[in-house]
Amino acid sequence: MINLAGLGRTMAATAIILSAVMVPALRAQDVTDEQVKAARAAIEAVGATNGFDNILPNLAERLKTTLIQSSPNHQELITKTVDEKALELAVRRADLEREAATIYAKTFTVEQLNAITAFYTSDAGKKLLKDGPIASREMMKAADIWAAGISRDLNAAATKELDATLTAGQQPLPGAEKPAQ
């Protein structure tokens, strides 16, 4: 028999996550249709919610893994059932898009949203979206190399100065030979 304790925990976690997304949607009345329309266009242009596409498939895979570990003899039934239920829940992705649009509408003015959309749909904006992560990664590499060089040079310069300053004021120990000058 399928172990329902793991299913219960997973379903409860899923319910909490989804309720966290759904409850703030009640506050959506604070924004106008024009703001939401502009926000949706900006979100689409930026690809702001593209990273959310894998949430439901990842949750379904995690649930299947948990259930199959509990009842390996029912792998086929578990896979079929979880996939069917995940497809039924896929329509709720629109709720997340709506909430994202509301957040953008509350964060930016219509004029700002239109400017964001205009920029990110331009050639320069598309190029930034495409190559920006590569440029950022390369900048981080350059910063790491620069920091290593600065660290090396700072260490060497400070150590040299401190050695010269600290050893200049020291008197030789009694009975020790005086260093040659």
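Residues numbered from 1 in each chain as written. Predicted model: local features only at pLDDT ≥ 70, side-chain atom pairs only at ≥ 80, totals over all residues. Heavy atoms only, no water.

Per an unreviewed UniProt entry, the protein chain goes by the name DUF2059 domain-containing protein and belongs to Rhizobium herbae.

Undergrad: Lay out the packing of aromatic side chains with the relevant residues and their values.
TA: In the structure shown here, the tally under the stated rule is two aromatic pairs. Here Y104 and F108 contribute two aromatic rings whose centre-to-centre distance is 5.5 Å and whose plane-to-plane angle is 55 degrees, an arrangement assigned as tilted. The partly exposed category is assigned to Y104, whose relative accessible area is 21%. Taking the centre distance of 4.9 Å and the plane angle of 80 degrees together, the rings of F119 and Y120 count as edge-to-face. According to the relative accessible area criterion, Y120 is partly exposed, its value standing at 22%. (Phe/Tyr/Trp six-rings, centres within 6.5 Å; stacked < 30°, edge-to-face > 60°. Buried < 20%, exposed > 50% of the residue type's maximum accessible area, 1.4 Å probe, protein only.)

Undergrad: I'd like a description of the environment of T81, backed by residues and values.
TA: For T81, the location among the structural elements is in helix 4 (residues 75–89). Overall, T81 belongs to the partly exposed group, its relative accessible area being 34%. In terms of polar contacts, T81 uses its side chain to reach the backbone carbonyl oxygen of L77, at 2.8 Å. (Helix = DSSP H or I, 4+ residues; strand = E, 2+ residues; numbered from the N terminus. Polar contact = N/O pair within 3.5 Å; in protein donor to acceptor, adjacent residues only side chain to side chain.)

Undergrad: Let's hear about the pattern of salt bridges: which residues, and what values?
TA: Scanning all chains against the criterion turns up 12 salt bridges. Close ionic contact of K80 with E84 constitutes a salt bridge, the shortest N to O distance being 3.0 Å. Residue K80 and its partner E84 are both found in helix 4; the two are separated by four residues, about one turn of the helix. In this structure, E97 engages R93 in a salt bridge whose closest nitrogen and oxygen atoms are separated by 2.3 Å. Of this pair, E97 and R93 both sit in helix 5 (residues 93–107), four residues apart, roughly one helical turn. For R93, a relative accessible area of 23% puts it in the partly exposed group. Through salt bridges that share partners, D53, R93 and E97 make up one connected network. (Salt bridge = Lys/Arg side-chain N within 4 Å of Asp/Glu carboxyl O.)

Undergrad: Tell me about the packing of helix 2 (residues 33–46) against helix 6 (residues 110–121), residues and numbers included.
TA: At their nearest, the axes of helix 2 and helix 6 sit 8 Å apart, and the two run at 25 degrees to each other. Classified by the interaxial angle, the pair formed by helix 2 and helix 6 is roughly parallel. Considering the relative orientation of helix 2 and helix 6, their crossing is left-handed. Together, E34, Q35, A38, A39, A41, A42, A45 and V46 of helix 2 and V110, L113, N114, I116, T117, Y120 and T121 of helix 6 make up the contact between the two elements. For the contact of helix 2 with helix 6, the per-class residue count stands at 10 nonpolar, four polar and one charged. (Axes fitted to C-alpha atoms, helices over the stretch in contact; angles between N-to-C directions. Parallel < 35°, antiparallel > 145°, perpendicular 65-115°, else oblique. Left-handed = near helix turned anticlockwise from the far one by under 90°. Contact = heavy atoms within 4.5 Å. Nonpolar A, V, L, I, M, F, W, Y, C, P; charged D, E, K, R; others polar.)

Undergrad: I'd like a description of the environment of A45, backed by residues and values.
TA: With respect to the helices and strands, the residue A45 is situated in helix 2. On a C-alpha basis, the gap between A45 and F119 in space is 8.6 Å, while along the polypeptide they are 74 residues apart.

Undergrad: Break down the packing of helix 6 against helix 7 (residues 123–168) for me, with residues and values.
TA: Look at helix 6 against helix 7: their axes get within 4 Å of each other, and the N-to-C directions meet at 75 degrees. Taken as axis vectors, helix 6 and helix 7 run roughly perpendicular relative to one another. Contact with helix 6, carried on its side by F119, Y120 and T121, involves D123, A124, G125, K126, L128 and L129 of helix 7 and no other residues of that element. Residues that form the contact of helix 6 with helix 7 fall into these classes: five nonpolar, two polar and two charged.

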